[in-house]
Amino acid sequence: MVPASDLLAFVAAAFVIIVVPGPGVLFTIGRALTLGRRAALLSVLGHAAGVYVALVLVAIGLGTLLSASALALTVVKFAGALYLMYLGIQAIRQRSALRVALGATIEPAPHARVLRQSAIVGLTNPKAIVFFSAVLPHFADPAAGSLSWQFLLLGTVFLAIALVSDSAWALLAASARSWFARSPRRLEAVGGAGGVMIFGVGASVALTGSGD
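Residues numbered from 1 in each chain as written. Predicted model: local features only at pLDDT ≥ 70, side-chain atom pairs only at ≥ 80, totals over all residues. Heavy atoms only, no water.

## Digging into the overall build of the protein chain
Thought 1: A tally of helices and strands in the protein chain yields nine helices and zero strands.
Thought 2: Walking the protein chain from its N terminus toward its C terminus, one meets helices and strands in the order α-α-α-α-α-α-α-α-α.
Thought 3: Across the protein chain, contacts joining residues at least 24 apart in sequence account for 85% of those joining residues at least 6 apart. (Helix = DSSP H or I, 4+ residues; strand = E, 2+ residues; numbered from the N terminus. Contact = heavy atoms within 4.5 Å.)

This is the structure:
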């Protein structure tokens, strides 16, 4: 078990990191503007699932490899960045599909596809991998038991906080989208803006390595 003092310190650090919007949050906001509330919340779940897979990989040693290999980290960073940019371009190209009816009524995206796309974004989130591999060790105590299990516990706490925070951002963005969607023309503009935002997030990740 992680010592209580270390756990509380980790929760405080994680909260500060999570509440400040980063590319992960902006991706969720982009999905809310482009596809609506349900897709945004599914994106939150999918992104968290992808990040959790990254956490498990870090816990069994991948984090050490990525920290030691600049090439491996660069590959992960640009894979995630390119995928985000691809999703942004797709959203921009398909923005006219949002004008299927007056108001906020749109054709919902298949749940499986939304989850799959957001999980890939979470899995290739470079900052999450670096955070788990470089920060978690500071809050784990080798004398308290298996480090892998401590990493998993701390990472799960991190993701629980992120789920609450990201869901709040998704709901807020979806509410704003509903207001804009009263006009089909506004709705198309919002769809394009969401795509631009997602593309911009991908470009930001490629240039700076920032993440959720």
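## Details of a nonpolar patch on the surface
Thought 1: Together, Tyr52, Val53, Val56, Leu57, Ile60 and Leu123 make up an exposed nonpolar region whose accessible area comes to about 480 Å².
Thought 2: If one sorts the elements of the nonpolar patch by residue count, helix H3 (residues 37–59) sits on top with four residues.
Thought 3: Tracing the backbone through its elements, the reader meets isoleucine 60 in the loop between H3 and helix H4 (62–68).
Thought 4: Among the residues examined, isoleucine 60 registers a relative accessible area of 67% and is labelled exposed. (Patch = residues over 30% accessible without salt bridge, like charges linked within 9 Å, V, L, I, M, F, W, Y side chains within 5 Å. Areas by Shrake-Rupley, 256 points an atom, 1.4 Å probe, with all protein chains shown as cover. Salt bridge = Lys/Arg side-chain N within 4 Å of Asp/Glu carboxyl O. Buried < 20%, exposed > 50% of the residue type's maximum accessible area, 1.4 Å probe, protein only.)

## Quick word on the nonpolar core
Thought 1: Core analysis: the biggest nonpolar cluster contains 23 residues, and Phe10, Phe132, Leu136 and Phe158 have the highest contact counts within it.
Thought 2: Looking at this core, the elements with two or more residues in it are helix H1 (4–19), H3, helix H7 (126–134) and helix H8 (147–180).
Thought 3: Sort the elements by how many residues they give to this core and H8 lands first, with seven residues.
Thought 4: Setting aside residues up to four positions removed in sequence, phenylalanine 158 forms contacts with Phe10, Ala14, Ile18, Phe131 and Phe132. (Core = buried A, V, L, I, M, F, W, Y, C linked by side-chain atoms within 4.5 Å.)

## Some thoughts on the UniProt feature "transmembrane region" (unreviewed entry) in the protein chain
Thought 1: What UniProt calls "transmembrane region" (unreviewed entry) maps, in this numbering, to residues 6–27, 39–62, 68–89, 119–139, 151–175 and 187–207.
Thought 2: Spanning residues 151–175, this segment combines 100% helix with 0% strand, and its end C-alpha atoms are found 36 Å apart. (UniProt positions renumbered as here; feature names shortened; annotations may be inferred.)

## Looking at helix H6 (residues 111–123)
Thought 1: Here H6 is 13 residues long and its end C-alpha atoms lie 18 Å apart, about the 18 Å a rise of 1.5 Å per residue gives.
Thought 2: Burial in H6 covers these residues: Val114, Gln117, Ser118, Val121 and Gly122. An end-on view of H6 places all buried positions within 140 degrees of arc, on one side of the element. (Expected span 1.5 Å × (residues − 1). Arc of directions from axis to C-beta.)

## Quick notes on the environment of aspartate 141
Thought 1: Its location among the elements puts aspartate 141 in the loop between H7 and H8.
Thought 2: A relative accessible area of 28% places aspartate 141 in the partly exposed class.
Thought 3: Counting along the chain gives 139 residues from aspartate 141 to valine 2, while the straight-line C-alpha distance between them is 6.7 Å.

## Focus on the environment of alanine 203
Thought 1: In this fold, alanine 203 is placed in helix H9 (residues 184–208).
Thought 2: Relative accessible area serves as the criterion here: at 24%, alanine 203 is assigned to the partly exposed category.

## Thoughts on the confidence of the model for the protein chain
Thought 1: Mean pLDDT for the protein chain: 74, with 69% of residues reaching 70 or above.
Thought 2: When the elements of the protein chain are averaged for pLDDT, H4 gives the smallest value, 61, and H3 the largest, 89.
Thought 3: The low-confidence segment residues 100–106, where pLDDT is below 50, has 16 contacts with residues more than four positions distant or belonging to other chains. (pLDDT = per-residue confidence, 0-100.)

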